[in-house]
Amino acid sequence: MGRVPLLARLEARDRRELLSLGSQVEYRPRTILMHQQEPTTHVLCLVGGWTKVTAIAPNGYEALLALRGPGDVVGEESAILEHPQAATVTALETVSAVVVSGERFRGFMAERPEVAREVLKLVTEHMRAADRRRLELSSLHVRERFAALLLDLARTHGRRTTEGIELAIPLSQQELAGSVGASREMVQRLLRELRDRGAVVTRRRTLVIERPDVLRRIAGDALDT
């Protein structure tokens, strides 16, 4: 089942009223929208552009937890609990968002139980996705995790070109590494291997999958065991 962002789950009237509670702002690429461990003051309703959600582990490793884009709301869990942000949110490209104060967001949920249910369902899905990620990190080798990641990105963020499936999200090698719990050097080696097999073509912040069947075989070997 595909991931459905929060705004797409709401009735049109609820969606309009939620967006009317705040003001629209625009962020330049690589701007940090929210900082890990900072106090919660607002949520962001993403209207255009993609962001990455990352967290720094105690050993300094930066993990890429998720990608959030149009229709998503970020900072909602921290706003509900009135806790510091659990992760950092950074614009990957130009991002348009509506900034809604945490107080207004909580008040809106209190007035609209149906909206509160959708937010709760979304938070639960995020928790389950985090559990799946931890299971993959503990049970699959980095080679299989990386192949599965590229297939998932092709499905959710891919666009057809004459060469193959181009990933529409401008992720760096370091960001790809952070998504599979590996080092940048390991991802470089894996990409070199995939290029040698004719599976992918890489350019600066651009990756095209030419042979998804190769990736499926790599990922499938691990998933079938």
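Notes on the structure follow.

Bringing unusual backbone geometry into the picture now. Its identity is not glycine, yet glutamine 37 carries a phi of approximately 75°, on the positive side. A positive phi angle, close to 55°, is found at glutamate 82, a residue other than glycine. Along the chain, glutamate 82 falls in the loop between helix H3 (76-81) and strand S7 (88-91). Overall, the relative accessible area of 58% leaves glutamate 82 in the exposed class.

Along the polypeptide, serine 179 turns up in helix H7 (residues 173-180). Its relative accessible area of 17% is what places serine 179 among the buried residues. Once you skip the residues sitting within four places of it in the chain, serine 179 turns out to touch Leu64, Arg133 and Leu149.

A few words on helix H5 (residues 113-139). Look at H5: 39 Å from first C-alpha to last across 27 residues, which is about the 39 Å you get at 1.5 Å a residue. Among the residues of H5, Val115, Glu118, Val119, Leu122, Val123 and Arg133 are the ones counted as buried.

Among the nonpolar cores identified, the biggest contains 31 residues, and Leu67, Phe146, Leu150, Leu171, Leu194 and Ile209 are the most heavily contacted of them. Of all elements in the fold, only strand S5 (62-68), helix H6 (142-157), strand S10 (165-167), H7, helix H8 (184-196), strand S12 (206-209) and helix H9 (212-223) reach the threshold of two or more residues within this core. For this core, the leading source of residues is H6, giving 7 residues. Not counting chain neighbours up to four residues away, the residues in contact with leucine 150 comprise Leu167, Leu194, Leu207, Ile209 and Leu215. Of all hydrophobic cores here, the second largest spans 17 residues; its members include Leu6, Cys45, Val98 and Leu122.

The sheet contact formed by strand S11 (residues 200-203) and S12 spans 4 bridges and is antiparallel. Note that in S12 the partner of threonine 202 across the bridge is leucine 207. Between S11 and S12, which pair antiparallel in sequence order, lie 2 residues; one of them, arginine 205, sits at a positive phi of approximately 55°.

A word on the packing of H7 against H8. Closest axis-to-axis distance for the H7/H8 pair is 8 Å, and the angle between their directions is 100°. As summarised for this structure, H7 and H8 are arranged roughly perpendicular, according to the angle between their axes. Two secondary-structure elements touch here, H7 through Gln173, Gln174, Leu176 and Ala177 and H8 through Arg184, Val187, Gln188 and Leu191. Its residues placed into classes, the contact of H7 with H8 shows 4 nonpolar, 3 polar and 1 charged.

Here we take up the sheet that holds strand S6 (residues 73-74). An order of S1-S8-S3-S6 is seen for the 4 strands of this open sheet, with the pairing classed as antiparallel. The sheet is open, and its two edges are formed by strand S1 (23-27) and S6, each paired on a single side. As paired strands, S1 and strand S8 (residues 95-101) are joined by 5 bridges and run antiparallel to one another. Note on S8: the bridge partner recorded for glutamate 26 is serine 96.

Looking at the secondary structure, you find proline 170 in the loop between S10 and H7. Between the C-alpha atoms of proline 170 and arginine 205, which are 35 residues apart in sequence, the distance is 5.1 Å. In contact with proline 170, other than residues within four places in its own chain, are Arg30, Leu92, Glu93, Glu175 and Arg205.

With that settled, the discussion passes to the sheet that holds strand S9 (residues 158-160). Ordered in space as S9-S10-S12-S11, the 4 strands form an open sheet in which the pairing is antiparallel. Each edge of the sheet is formed by a strand with only one pairing partner; in this case those strands are S9 and S11. Put simply, the sheet's adjacent strands are angled 25° from each other on average, direction ignored. The pairing of S9 with S10 spans 3 bridges and is antiparallel. Pairing of arginine 160 across the sheet is with isoleucine 165, part of S10. Most of the contacts of H8 go to S11, to which it runs at about 125°, and overall it touches S11 and S12.

Rules behind the numbers
Residues numbered from 1 in each chain as written. Predicted model: local features only at pLDDT ≥ 70, side-chain atom pairs only at ≥ 80, totals over all residues. Heavy atoms only, no water. Helix = DSSP H or I, 4+ residues; strand = E, 2+ residues; numbered from the N terminus. Buried < 20%, exposed > 50% of the residue type's maximum accessible area, 1.4 Å probe, protein only. Contact = heavy atoms within 4.5 Å. Expected span 1.5 Å × (residues − 1). Core = buried A, V, L, I, M, F, W, Y, C linked by side-chain atoms within 4.5 Å. Pairing = 2+ DSSP bridges. Axes fitted to C-alpha atoms, helices over the stretch in contact; angles between N-to-C directions. Parallel < 35°, antiparallel > 145°, perpendicular 65-115°, else oblique. Nonpolar A, V, L, I, M, F, W, Y, C, P; charged D, E, K, R; others polar.

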